[in-house]
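Structure at a glance
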Amino acid sequence: MSYLFRTRSDPTQQKPTSSEEMQREVDGVREMLGDLQKEMPSFLSDGTIRRFLRAKNWSTEQAAKALKEAVKWRRQFKPEEICWEDFAGIEHEVQRAYIPDYLDKNGRTVFVVMTSIKSLTSTKERMKQLVYNLENMAMNSEGTQEGNVIWMCNFQGWTVSSTPLWETRESLHIIQNYYPGLIGAAILSNPPKIFESFWKIVKRFIEPTLQEKVKFVYSNNSDSQRIMSGMFDMDKLESAFGGKNTASLDISKYAERMRRRDQLRRAGKNTNGNISSSWQGK
């Protein structure tokens, strides 16, 4: 588990100033990947390579190295094969972590985590569910120029047992190493006082670029409300985050939506191995 304590400081490269320069960087990474492209054409799309390049400060060497590690992980974990039907008791678990049917004002995908809801499954199953959600969000982010996911965690009622430290580190490892550049902002809502000590430990494992995207917000704070109203349609945003939406998640409709996404993920690949644009927003 030594990787959980590893720190990284890649040298900053000059960011491409045109689409042509960016494509040259992508092509440079492709050249370093060699035959891996034939093995995983859907994963090694231009969009994925751009995300890894941004996460590695536009270093083609570092991006290619990180992609090779991701390919190695995907061979073992097989995230592209995970589907809704793989999860037992998913109806309860999805209330803890789900992708709502609204976007933020910039059209970015939203991911909601309610930490106070106690999970009824094992850590292994929760990691599998996390990867399933990350796969969906990564595919929905194909072609975007920057982080296209708003990660929102509500910590009201949080206790140390809600998110075990080992599980938190493992989640961060997966997000930062195998889905880098996906998160555009991380909203930590209403953390209790006890969370401060936990956060001091956890942020040691968060890379600086991701730390910069973390925002603490509080329902009874006017500045926080300005942040949230600037990012979201408050009529759609859950009341747990200061919005006006008090409706419960409709599990049946959510299941239908995720099954439809699973079908499109399996069937919506074009001849280049990329997900068809028709998948977006489904």
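Here we summarise the structure given alongside this text. (Residues numbered from 1 in each chain as written. Predicted model: local features only at pLDDT ≥ 70, side-chain atom pairs only at ≥ 80, totals over all residues. Heavy atoms only, no water.)

Comments concerning the side chain of Thr 109
Its location among the elements puts Thr 109 in strand E2 (residues 109-114). Among all residues touching Thr 109, those that are not within four sequence positions of it are Ile 99, Leu 103, Met 137, Asn 140, Asn 148, Val 149 and Ile 150. (Helix = DSSP H or I, 4+ residues; strand = E, 2+ residues; numbered from the N terminus. Contact = heavy atoms within 4.5 Å.)

Here we look at empty space enclosed by the protein
Counted by the stated rule, this structure contains four cavities of 30 Å³ or more. Empty space within the largest cavity amounts to approximately 670 Å³. In terms of lining, the largest cavity is formed by 29 residues, of which the most central are Val 113, Trp 151, Cys 153, Thr 168 and Ser 171. For the lining of the largest cavity, the secondary-structure elements that each account for two or more residues are E2, helix H6 (123-140), strand E3 (149-154), helix H7 (165-178), strand E4 (183-189) and helix H8 (195-202). (1 Å grid on protein atoms, 1.4 Å probe; cavity = no way out; pocket = protein on both sides within 12 Å on 5 of 7 lines; lining within 4 Å. Points joined across faces, edges and corners; volume = space filled by probe spheres on them.)

A look at the packing of helix H4 (residues 60-77) against H6
In the contact formed by H4 and H6, the axes pass within 13 Å of each other and the chain directions differ by 120°. Between H4 and H6, the interaxial angle falls into the category oblique. Regarding H4 and H6, the two cross each other, and that crossing is left-handed. Together, Trp 73, Arg 74 and Phe 77 of H4 and Met 127, Lys 128, Val 131 and Glu 135 of H6 make up the contact between the two elements. (Axes fitted to C-alpha atoms, helices over the stretch in contact; angles between N-to-C directions. Parallel < 35°, antiparallel > 145°, perpendicular 65-115°, else oblique. Left-handed = near helix turned anticlockwise from the far one by under 90°.)

Focus on the sheet that holds strand E5 (residues 214-217)
The five strands are arranged E1-E2-E3-E4-E5 in an open sheet whose pairing can be described as mixed. Single-partner strands in this sheet number two, and they are strand E1 (97-98) and E5. Looking at chain direction, E1 and E2 are connected through two bridges and run antiparallel. When the bridges of E2 are listed, Tyr 98 appears paired with Val 112. Its contacts with the sheet put helix H10 (residues 222-231) on E3, E4 and E5, and the angle it makes with E5 is roughly 120°. (Pairing = 2+ DSSP bridges.)

Re the environment of Phe 232
Here Phe 232 is to be found in the loop between H10 and helix H11 (251-267). Each C-alpha atom, one on Phe 232 and one on Lys 105, is 5.5 Å from the other, the two residues being 127 residues apart in sequence. Among residues more than four places away in sequence, those in contact with Phe 232 are Tyr 102, Asp 104, Lys 105, Val 110, Ile 150, Met 152 and Leu 237.

As for the pattern of salt bridges
On inspection of all chains with the given rule, the structure shows 13 salt bridges. Of the charged contacts in the structure, one is a salt bridge between Glu 39 and Arg 75, with a shortest N-O distance of 2.7 Å. One end of the pair, Glu 39, is in helix H2 (residues 36-39); the other, Arg 75, is in helix H4, with 36 residues separating them in the sequence. For Glu 39, a relative accessible area of 40% translates into the label partly exposed. Assessed through its relative accessible area of 38%, Arg 75 is described here as partly exposed. Through salt bridges with shared partners, a single ionic network connects Arg 74, Glu 80 and Glu 135. (Salt bridge = Lys/Arg side-chain N within 4 Å of Asp/Glu carboxyl O. Buried < 20%, exposed > 50% of the residue type's maximum accessible area, 1.4 Å probe, protein only.)

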